[in-house]
Amino acid sequence: MAEDNDGIESSKKNVKPSTYEEALDALSSLITKRSRADKSNKGDRFDLLFDYVKILDLDDSISQMKVIHVAGTKGKGSTCTFTESILRNCGFHTGLFTSPHLIDIRERFRLDGVEISEDKFLGYFWWCFDRLKEKSSEDVPMPTYFRFLALLAFKIFASEQVDVAILEVGLGGKFDATNLVQAPIACGISSLGYDHMEILGYTLGAIAGEKAGIFKHRVPAFTVPQPEEAMSVLEKRASELDVPLQVVHPLDSSLLNGLQLGLHGEHQFLNAGLAVALCRTWLQKTGHLETYLDQSTSLPEQFVKGLVTASLQGRAQIVADPFVNVEGPGDLVFYLDGAHSPESMEICGKWFSLAIEENIQQYDSLKKQPCESSNIALKGPNEFPRIDSTQILLFNCMSVRDPQLLLPCLIRACANHGVHFKKALFVPNQSVYNKVGSHALPSSDPQIDLSWQLALQRVWENLLRGEKASTLEESKEDSEHNFRNSETSSVFPSLPLAIKWLRDSVQQNRSVRFQVLVTGSLHLVGDVLRIVKR
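Starting afresh in each chain, residues are numbered from 1 along the sequence in its written order. Two thresholds apply to this predicted model, a pLDDT of at least 70 for residue-level local features and 80 or more for giving and counting side-chain atom pairs, whereas whole-chain, interface and lining totals are computed over all residues. As a convention, hydrogens and water are excluded, and side-chain values are obtained from all of the structure's heavy atoms.

### Side note on the sheet that holds strand S3 (residues 109–111)
Point 1. If you walk across this open sheet you meet the 8 strands as S4-S3-S2-S5-S1-S6-S7-S8, and the pairing is mixed. Sheet topology places strand S4 (114–115) and strand S8 (245–247) at the edges, where each strand pairs with a single neighbour.
Point 2. Pairing of strand S7 (residues 221–223) with S8 involves 3 bridges; the strand directions are parallel. Among the inter-strand pairings, Phe222 is bridged to a residue of S8, identified as Gln246.
Point 3. The contact criterion used is simple: two residues touch if any of their non-hydrogen atoms lie within 4.5 Å. Note on method: axes are straight lines fitted to C-alpha atoms, helices fitted across the in-contact stretch only, with angles between N-to-C directions ranging 0 to 180 degrees. Where helices and strands are cited, they refer to DSSP runs of H or I of at least four residues and of E of at least two residues respectively, numbered from the N terminus. Strand contacts of helix H5 (residues 76–89): strand S1 (67–71), strand S2 (94–97) and strand S5 (164–168), with the helix running at about 170° to S5, the strand carrying the most contacts. Strand pairing requires that DSSP identify at least two bridges connecting the strands.

Okay, structure coming up:
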């Protein structure tokens, strides 16, 4: 491996100097329209991945890698994050590959819990990109965006000689680029639901079949309780491959010795339980389990530490806006969660409602630690004075999703806990999808197409009035007559303008705390974090 690293260092010296943004431009050239893997599209054939592996000389490295592979609709990123944190706290050199990134592409590649340095990223990036470019042909074209990133992750983890590589499936499972791994140590399937149906299928059975594509012959697999339609497919596939499939249940909170999970929300106990099962199996299969307590009724202290210190941006994350400066107690707090399916939207609404019921001390502590996830111990309910609070929704979703499924779930979940939004703000995402990098933000174009956001607003207004929601087509047709601003909703042509409106509102209402739920899209969550952290 040392020679391999030397080769990367020397290639960096011999190749034309390249800035980080130039690397991101090269990466952007690989972005294509997403489509199902089939033989009608040469650039999307799954078997091409094995050609790329040969070009990069990664065959042996991948076969020897001690991998934990996780698929699912909801919670797979959280499960991978818990898993990495546990094994890192057990003393292992970890590699974690997740998606999507929220602010910087390097977030997808973590070594020992820290995103890869810019220098290392550039070295590995150009080594892979240049070699693939040199060997590409009409029959073996350059890999598409996500496939390149997965190959890059394998290269990074092989060269850095990680003890364990934790891989989050990008989309589906069977045809996902991470499914290059033929002999993982353990596989996990987190909660399944309806998402990416235009690619994975329109039934839970079809979706489960795609996810079960990561199962390998006799490799232990774990899942959480699933709807019967999905579970039967997982069990059938496991039986065909002689896979010992176990169903794990939510982690018992008493095992944490009075501490809190690092990722917030009741649903995270399910992901934590799955992570614990994956870690125990990995330790057992790699000959390390005897080092740790093997008791089902207790957790080793390394496991507990891993679970309570895990962190993941954009999932049930609470961030105070550091740019609000008021004399009174009023302030602006963002509650960020990248929920984008009906099931996750319901979970998000419940989390938000419970979070804003917690004590005001949480927010006072956050103001002293801006831009960090909330891991604050709360005091008693009467120790701090309460101020008025207002709940605002900041929302966008991709046009392939149905807001008539998403928004009612959110409204209902919040209403069940007595939470009602005073206003909803609809904005286009700030990121663009054909570019990667900080320089890829679009200019403020007054002619930007807001028909989708106006359609979202129409759905919202109809839901508030209790009317039968018009179809999205009707909402788009009505957009010319749909006002952008009302008492209960507004459409903004850009996210920065919406943030400015929120900040101005706080300045004008100094006795009010603005609690803003940002959801519907991980891209939107990342855009908000980018602005708040700027």
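Additional details are given in the paragraphs that follow.
### Concerning the pattern of salt bridges
Point 1. Between Lys or Arg on one side and Asp or Glu on the other, a salt bridge is scored when a side-chain nitrogen of the former is within 4 Å of a carboxyl oxygen of the latter. A complete count under the given rule lists 15 salt bridges for this structure.
Point 2. The salt bridge involving Asp57 is made with Arg131; its shortest N-O contact spans 3.0 Å. Of the two residues, Asp57 is situated in the loop between helix H3 (48–55) and helix H4 (59–64) and Arg131 in helix H6 (residues 118–135); the sequence distance between them amounts to 74 residues.
Point 3. Two residues, Asp104 and Arg106, come together in a salt bridge whose shortest N-O distance is 3.4 Å.
Point 4. A 1.4 Å probe rolled over the protein chains alone gives each residue an accessible area, and that area as a share of the maximum for its type sets the label: buried under 20%, exposed over 50%, partly exposed in between. Look at Asp104 and you get buried, because its relative accessible area is 17%.

### A word on the packing of aromatic side chains
Point 1. Within 6.5 Å between ring centres, the rings of Phe, Tyr and Trp (the latter by its six-membered ring) count as paired, and their orientation is classed by plane angle as stacked under 30 degrees, edge-to-face over 60, tilted in between. Here the structure, examined in full by the defined rule, presents 20 aromatic pairs.
Point 2. Judged by centre distance (6.3 Å) and plane angle (65°), the rings of Phe426 and Trp460 are edge-to-face. Placement of the pair is Phe426 in strand S12 (residues 423–426) and Trp460 in helix H16 (residues 451–464), with a sequence separation of 34 residues.
Point 3. Under the relative-accessibility criterion, Phe426 is labelled buried at 0%.
Point 4. Residue classification places Trp460 among the buried positions, given a relative accessible area of 1%.
Point 5. By way of ring pairs, the aromatic residues Tyr20, Phe97, Phe109, Phe121, Phe125, Trp126, Phe129, Phe146 and Phe148 are connected into one cluster.
Point 6. Only Lys NZ and Arg CZ are tested; either one counts as a charge over a ring when it is within 6 Å of the ring centre and within 35 degrees of the ring normal. Directly above the ring of Trp127 sits Lys155, whose terminal nitrogen or CZ lies 3.6 Å from the centroid.

### Focus: the UniProt feature "binding site: ATP" (unreviewed entry) in the protein chain
Point 1. Mapped onto this structure's residue numbering, the UniProt feature "binding site: ATP" (unreviewed entry) falls at Arg315 and Asp337. The largest pairwise C-alpha distance within this set of annotated residues, which runs over 23 residues, is 4.5 Å, so the set is compact in three dimensions.
Point 2. With respect to the helices and strands, the residue Arg315 is situated in the loop between helix H12 (301–309) and strand S9 (317–320).
Point 3. For Arg315, a relative accessible area of 17% translates into the label buried.
Point 4. If near-sequence neighbours (up to four positions away) are discounted, Arg315 is found in contact with Ser78, Ser99, Pro100, Leu336, Asp337 and Leu522.
Point 5. Two N or O atoms form a polar contact when they lie within 3.5 Å of each other; inside protein one atom must be a possible hydrogen donor and the other a possible acceptor, and for residues adjacent in sequence the pair counts only when both atoms belong to side chains. In terms of polar contacts, Arg315 uses its side chain to reach the backbone carbonyl oxygen of Gln313, at 3.2 Å.
Point 6. Structurally, Asp337 is set in the loop between strand S10 (331–336) and helix H13 (342–357). UniProt positions are given in the numbering used here, feature names are shortened, and annotations may be inferred rather than shown by experiment.

### Comments concerning the UniProt feature "binding site: Mg(2+)" (unreviewed entry) in the protein chain
Point 1. Using the residue numbers shown here, the UniProt feature "binding site: Mg(2+)" (unreviewed entry) corresponds to Ser99, Glu168 and His196.
Point 2. With respect to the secondary-structure elements, Ser99 resides in the loop between S2 and S3.
Point 3. Those residues within four positions of Ser99 in sequence are excluded, and the remaining contacts are Arg108, Phe146, Glu168, Gly170 and Arg315.
Point 4. Within the secondary structure layout, Glu168 lies in strand S5.
Point 5. Classification of Glu168 by relative accessible area gives buried; the value is 3%.
Point 6. Residue contacts for Glu168: discarding those within four places in its chain leaves Val70, Lys76, Gly77, Cys80, Phe97, Thr98, Ser99 and Thr178.

### Side note on the nonpolar core
Point 1. One finds Phe125 and Phe157 to be the most contacted residues of the largest nonpolar core, which totals 52 residues.
Point 2. Looking at this core, the elements that each hand over two or more residues are helix H2 (20–28), H3, S3, H6, helix H7 (145–159) and S5.
Point 3. Not counting chain neighbours up to four residues away, the residues in contact with Phe125 comprise Ala23, Ala26, Leu27, Phe148 and Leu152.
Point 4. Listed in part, the 39 residues of the second largest apolar core include Ala186, Ala272, Val308 and Ala310. Only buried Ala, Val, Leu, Ile, Met, Phe, Trp, Tyr and Cys residues count toward a nonpolar core, and they belong to the same one when joined by side-chain atoms within 4.5 Å.

### Focus: the sheet that holds S9
Point 1. Ordered by their spatial adjacency, 6 strands build an open sheet running S9-S10-S14-S11-S12-S13, and the pairing between neighbours is mixed. The sheet terminates laterally at S9 and strand S13 (489–491), the two strands that pair on one side only. Strand-to-strand twist in this sheet, taken as the mean axis angle between neighbours without regard to direction, amounts to 20°.
Point 2. Two strands pair when backbone bridges link them, and S10 and strand S14 (residues 512–519) are joined in this way by 6 bridges, in the parallel orientation.

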